[in-house]
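Observations on the three-dimensional arrangement
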Amino acid sequence: MAARLDLDGQVIEPLKICMIGAGGFIGSHLCEKLMWETQHSVLAIDVYSDKIQHLLEPGQSWSSRIEFHRINIKHDSRLEGLIKLADLTINLAAICTPADYNTRPLDTIYSNFIDALPVVRYCSDNNKRLIHFSTCEVYGKTIGSFLPEDSSLRKACILFFLDPSYYVLKEDESPCIFGPIEKQRWSYACAKQLIERVIYAEGAENGLEFTIVRPFNWIGPRMDFIPGIDGPSEGVPRVLACFSTNLLKSEPLKLVDGGQSQRTFVYIKDAIDAVMRMVENPQRANGYVFNVGNPDNEVTVRELALMMTEASVYTKVSGRPQLDEPTIDVSSKEFYGEGYDDSDKRIPDMTIIKKQLEWEPKTSLFDLLESTLTYQHKTYARAMQQLLSKSLPTA
Ligand SMILES: NC(=O)c1ccc[n+]([C@@H]2O[C@H](COP(=O)([O-])OP(=O)(O)OC[C@H]3O[C@@H](n4cnc5c(N)ncnc54)[C@H](O)[C@@H]3O)[C@@H](O)[C@H]2O)c1
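These notes cover the structure that comes with them. If you're wondering where the values come from, they're calculated on a predicted model, not measured in any experiment. (Residues numbered from 1 in each chain as written. Predicted model: local features only at pLDDT ≥ 70, side-chain atom pairs only at ≥ 80, totals over all residues.)

Notes on the pairing of strand 7 (residues 210-215)
Put simply, the rule reads: Using C-beta atoms placed from the backbone, we call a residue buried if 20 or more other C-beta atoms fall within 10 Å of its own, exposed if 12 or fewer do, and partly exposed for counts in between. The secondary structure listing takes helices from DSSP runs of H or I that are at least 4 residues long and strands from runs of E that are at least 2 residues long, numbered from the N terminus.
Of all the 6 residues making up strand 7, 6 are buried; the element is thus mostly covered by neighbouring parts of the structure. Because side chains alternate across strand 7, one face comprises the buried residues Phe210, Ile212 and Arg214, and the other comprises Thr211, Val213 and Pro215, equally buried.

Re the packing of helix 3 (residues 78-85) against helix 6 (residues 116-125)
Basically, it comes down to this: Where helices are involved, their axes are fitted lines through C-alpha atoms of the stretch in contact, as for all axes, and angles between N-to-C directions lie from 0 to 180°. Here the word oblique covers every angle except those under 35 degrees (roughly parallel), over 145 (roughly antiparallel) and from 65 to 115 (roughly perpendicular). Here a crossing is called left-handed whenever its near helix is offset anticlockwise from the far helix by less than a right angle, and right-handed whenever the offset is clockwise. Each residue is represented by a C-beta atom placed from its backbone, and any two residues with such atoms within 7 Å are regarded as in contact.
Across the interface, helix 3 lies against helix 6 with an axial gap of 10 Å and an inter-helix angle of 40 degrees. Between helix 3 and helix 6, the angle is such that the two are oblique. Crossing geometry of helix 3 relative to helix 6 is assigned as right-handed. The segment helix 3 lies against helix 6, with Leu79, Glu80 and Ile83 engaging Pro118, Tyr122 and Cys123.

Some words on the site of the ligand
The criterion, for reference: Any residue qualifies as near a molecule or strand once its backbone-derived C-beta atom lies within 6 Å of it. Each residue gets one label: Ala, Val, Leu, Ile, Met, Phe, Trp, Tyr, Cys and Pro are nonpolar, Asp, Glu, Lys and Arg are charged, and the others, such as Gly, are polar.
Near the ligand, the surroundings consist of 24 residues, among which Gly21, Gly24, Ile26, Ala94 and Cys96 are the closest. Secondary-structure elements contributing two or more residues to the shell around the ligand are helix 1 (25-37) and strand 2 (41-46). When residues of the shell around the ligand are assigned to their parent elements, the largest contribution, 3 residues, is made by helix 1. In terms of residue class, the shell around the ligand is built from 13 nonpolar, 8 polar and 3 charged.

A closer look at the environment of Arg277
Structurally, the position occupied by Arg277 is in helix 11 (residues 268-280). Taking the C-alpha atoms as reference, Arg277 lies 8.0 Å from Leu7; in sequence the two are 270 residues apart. If sequence neighbours within four positions are ignored, Arg277 has contacts with Leu7, Leu357 and Trp359.

A short note on the sheet that holds strand 4 (residues 88-91)
Within a sheet, neighbouring strands are paired by backbone hydrogen bonds and run either parallel or antiparallel to one another. The condition that has to hold: Criterion used throughout: strands pair if DSSP finds at least two bridges between them.
In space, the 7 strands of this open sheet follow the order 3-2-1-4-5-7-12, with parallel pairing throughout. Looking at strand neighbours, the two that pair on one side only are strand 3 (66-70) and strand 12 (288-292), the edges of this open sheet. Each neighbouring strand pair of the sheet contributes to a mean axis angle of 15 degrees, computed without reference to strand direction. Where strand 1 (residues 16-20) lies against strand 4, 4 bridges are found, and the strand directions are parallel. Its bridge partner lying in strand 4, Ile17 is registered against Leu88.

Concerning the packing of helix 10 (residues 239-248) against helix 17 (residues 365-391)
Following both chains from N to C, one finds helix 10 and helix 17 inclined at 50 degrees, their axes separated by 10 Å at the closest point. Taken as axis vectors, helix 10 and helix 17 run oblique relative to one another. The two elements helix 10 and helix 17 meet at a crossing, and its hand is right-handed. Taking contact as the criterion, the partners of Leu240, Ser244 and Leu248 in helix 10 are, on helix 17, Thr372, Leu373, Gln376, Tyr380, Ala381 and Met384. Considering only residue class, the contact of helix 10 with helix 17 consists of 6 nonpolar, 3 polar and no charged.

Put into structure tokens, the structure is as follows:
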């Protein structure tokens, strides 16, 4: 394998990376990239290993470079030792499914703040670099969304639609605007924001070398689970897996509160390239918070559902006919329970990541949906048919 060069043309020495949450969606793609394309090694920590099992099978050319540690970081004294052994820690571990934020707010806050604290402390105490995964949810809602429906400013759409400074989110300028405490949806964003502040303060007061990543809806194969097949039947995954489950069952896609929220989606492989640049270019990434998203892939959740159901994507990959009724509306209270709320519009500003890491996303929304749904169909269609036939009443 040829030596890898950083963005300034210097040879990159092999690193030992302690990756916490390595068994999840993002971790599995990052581990693949590290094993298949670099000479870096990974101490992979998680409670689950299914999504990286293919990398852990013995006898592969990278086998000596990946070591799995089945550890729950809530209570395991081995964590600090593993962080000490590594050059860099990447923390991905989190409860990060919207269905949990208002129904399990304490678990959400503990996971995203309390459990992350020792990781930050061990990195700081042992002078180890940290890449921490936060979220675009730290931006909360747009300023415009708080204007009364009938205010003249909102009517004139000056704030909302014409002036991007009110909705394009900048790492170092945009405020973090959450709803009231009763809206427990914000437990996740608030916990993530507080741990970002701790990390930033450790950098300022104790010299911690850190990078904070704010993902904007990364999408691709292995995201979440399909309820009843590789996750609990009553589980509610993130939007893409929810919609995929509906498609696999040939039932209408459930649109929460009309699917009016606007989101940008980025393909996991583009996003992993951004993370690799952070890993291999500490001189350009340390001390920064980075938005990682694709501002060109913006749609409302309703439009996303229609793209997935219309002839353009799912019928193409599955060969199945279009659904007669592509979507049905459900209220957020019915779908997520009491205390749910949502961000209205989130567009990442890309200035900092473009300048520091020379990174830009490449994959269009259509292409990323096509490749993700092809994977979902190949992986789950047969198991879903079996599951549905079992649940049919017998004559
Ligand atoms: N995927 C996205 O678009 C997105 C968006 C915003 C933020 N993020 C952030 O990125 C990170 C990774 O997200 P993901 O999509 O890969 O989620 P994921 O749920 O697929 O992965 C998280 C992994 O962390 C592990 N984990 C959780 N608690 C743990 C504990 N106590 N001990 C050991 N392992 C534990 C889980 O088992 C899981 O494998 C999270 O911090 C999330 O908040 C992701």
